[in-house]
Amino acid sequence: GAGVSQTPSNKVTEKGKYVELRCDPISGHTALYWYRQSLGQGPEFLIYFQGTGAADDSGLPNDRFFAVRPEGSVSTLKIQRTERGDSAVYLCASSAQGGPLTGELFFGEGSRLTVL
Amino acid sequence: AQSVTQLDSHVSVSEGTPVLLRCNYSSSYSPSLFWYVQHPNKGLQLLLKYTSAATLVKGINGFEAEFKKSETSFHLTKPSAHMSDAAEYFCVVSSGGSQGNLIFGKGTKLSVKP
């Protein structure tokens, strides 16, 4: 499809395990964002890429969280030593231009992570 | 610091009646404001945005919102609800410090009764 694709749609893991979540943005979109949505809350910003570089990673909660976008397209969010509090829906969005003020963000359906 | 408060966690209306979803914002400067909608098992979708142009902003599916600086509000309205409007709605403000950082409210779940 032409939209933002996220895989897996659901991931169940055990506490302490390593997890990778993948985001395929809309082709040609230079900006890519990761947000996290906990139950009953609005999405919270994690990190923003412009091309291959992280323009703003101020939302990453701690050093267990890391994200890459090596070729300026697909991005992977990596979570080490998962904790039960990491359980949430992880949302990816992309935009053709610099950010939400200049271009619309298109969101994927999210990856639901459950840490047992 | 920027923030938004959605005053109702759940709103229920009958089909064909008006919709009002309330949002107040806090910002140290002139904000950019958005409303996003999230249907079950769908990605978030932009309804409309305000970026310091006209204070009455029209969006998709008949929704509109009015920026009122004196009241620090950005309420979302629609004259006549449709069953397909049932969804979660998020009021959002741009952080300003980063082009990528949107600050979401906690959401308002809209139910539409037949």
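Residues numbered from 1 in each chain as written. Chains lettered and ligands numbered in written order. Predicted model: local features only at pLDDT ≥ 70, side-chain atom pairs only at ≥ 80, totals over all residues. Heavy atoms only, no water.

J.: Break down the overall build of chain A for me, with residues and values.
T.: When helices and strands are counted, chain A shows zero helices and 11 strands. Shown N-terminal to C-terminal, the secondary structure of chain A runs as helices and strands in the order β-β-β-β-β-β-β-β-β-β-β. For 116 residues, the compact-globule estimate of 2.2 N^0.38 gives 13 Å, and the C-alpha radius of gyration of chain A, at 13 Å, lies within 12% of that figure. When each of the 116 residues of chain A is scored for burial, the buried share is 47%. Taking as baseline every contact in chain A between residues at least 6 positions apart, the subset at least 24 positions apart corresponds to 54%. When the accessible surface of chain A is split by element, carbon and sulfur atoms take 47% of a total near 5,500 Å². Charge centroids of chain A, computed over 11 positive and 12 negative side chains, lie 8 Å from each other. (Helix = DSSP H or I, 4+ residues; strand = E, 2+ residues; numbered from the N terminus. Rg over C-alpha atoms; globule rule 2.2 N^0.38 Å. Buried < 20%, exposed > 50% of the residue type's maximum accessible area, 1.4 Å probe, protein only. Contact = heavy atoms within 4.5 Å. Areas by Shrake-Rupley, 256 points an atom, 1.4 Å probe, with all protein chains shown as cover. Lys, Arg positive; Asp, Glu negative; His and termini not counted. Charge placed at Lys NZ, Arg CZ, Asp CG, Glu CD.)

J.: Just give me the short version of the overall build of chain B, but keep the residues and values in it.
T.: Within chain B, the regular secondary structure consists of zero helices and 12 strands. Scanning chain B from its N terminus toward the C terminus, one meets helices and strands in the order β-β-β-β-β-β-β-β-β-β-β-β. Taking 2.2 N^0.38 as the reference for a compact globule, 114 residues should give roughly 13 Å; the C-alpha atoms of chain B span a radius of gyration of 13 Å, in line with that estimate. Along the three orthogonal principal directions, the C-alpha set of chain B runs to about 45 × 30 × 20 Å. Evaluated residue by residue, chain B yields a buried proportion of 46% over its 114 residues. Across chain B, every contact between residues at least 6 apart in sequence was considered, and the portion connecting residues at least 24 apart equals 57%. Looking at chain B as shown, the accessible area adds up to about 5,400 Å², and 51% of this sits on carbon and sulfur atoms. Taking the average place of the 10 positive charges on the side chains of chain B and the average place of its 7 negative ones, the gap between the two points comes to 4 Å.

J.: Mind laying out the environment of tyrosine 35 of chain A, listing which residues take part and the relevant values?
T.: Here tyrosine 35 of chain A shows up in strand β4 (residues 31-37). Given the relative accessible area of 0%, tyrosine 35 of chain A is considered buried. Only 3.0 Å separates the side chain of tyrosine 35 of chain A from the backbone nitrogen of leucine 102 of chain B, close enough to count as a polar contact. (Polar contact = N/O pair within 3.5 Å; in protein donor to acceptor, adjacent residues only side chain to side chain.)

J.: Outline the pairing of strand β5 (residues 44-50) of chain A, supporting the account with residue identities and numerical values.
T.: All names here are of chain A. Summarising burial for β5: five of the seven residues are buried, a large majority. Between the end of β4 and the start of β5, which pair antiparallel, lie six residues, with glycine 40 showing a positive phi angle near 80 degrees. Taken together, the three bridges between β5 and strand β6 (residues 53-56) define a ladder with antiparallel strand orientation. Opposite tyrosine 48, over in β6, you have aspartate 56 as the bridge partner. Joining the antiparallel neighbours β5 and β6 is a turn of two residues, in which glycine 51 adopts a positive phi near 70 degrees. (Pairing = 2+ DSSP bridges.)

J.: An account of the sheet that holds strand β1 (residues 5-7) of chain A is needed here, citing residue identities and associated values.
T.: Residue and element names in this part refer to chain A. Taking strand neighbours across the sheet as the criterion, the four strands line up as β1-β3-β8-β7 in an open arrangement whose pairing is antiparallel. If you trace the sheet from one side to the other, it starts and ends with β1 and β7 (65-68), each paired once. Strand-to-strand twist across the sheet, computed as the mean angle between neighbouring axes with direction ignored, equals 15 degrees. In terms of strand pairing, β7 meets strand β8 (residues 75-79) through four bridges, oriented antiparallel. In the sheet register, alanine 67 faces β8, and the bridge partner there is leucine 77. (Axes fitted to C-alpha atoms, helices over the stretch in contact; angles between N-to-C directions.)

J.: Report on the nonpolar core, specifying residues and quantitative values.
T.: Soluble globular proteins: nonpolar side chains tend toward being buried together. The biggest cluster of nonpolar side chains holds 26 residues, and the ones touching the most others in it are Trp35, Leu76 and Tyr89 of chain B. Sorting elements by how many residues they give to this core places strand β10 (residues 87-94) of chain B first, with four residues. Ile26, Leu32, Trp34 and Ile47 of chain A belong to the second-largest nonpolar core, a separate cluster that totals 20 residues. (Core = buried A, V, L, I, M, F, W, Y, C linked by side-chain atoms within 4.5 Å.)

J.: So, the pattern of salt bridges: which residues are in play, and what are the values?
T.: By the definition in use, this model includes six salt bridges over all chains. Between arginine 64 of chain A and glutamate 83 of chain A there is a salt bridge, and its shortest N-O distance comes to 3.5 Å. Remark: glutamate 83 of chain A occurs in the loop between β8 and β9 (88-95) and arginine 64 of chain A occurs in the loop between β6 and β7; sequence separation between them is 19 residues. For arginine 22 of chain B, the salt bridge goes to aspartate 8 of chain B, with nearest N and O atoms at 3.0 Å. (Salt bridge = Lys/Arg side-chain N within 4 Å of Asp/Glu carboxyl O.)

By themselves these figures say nothing about function.
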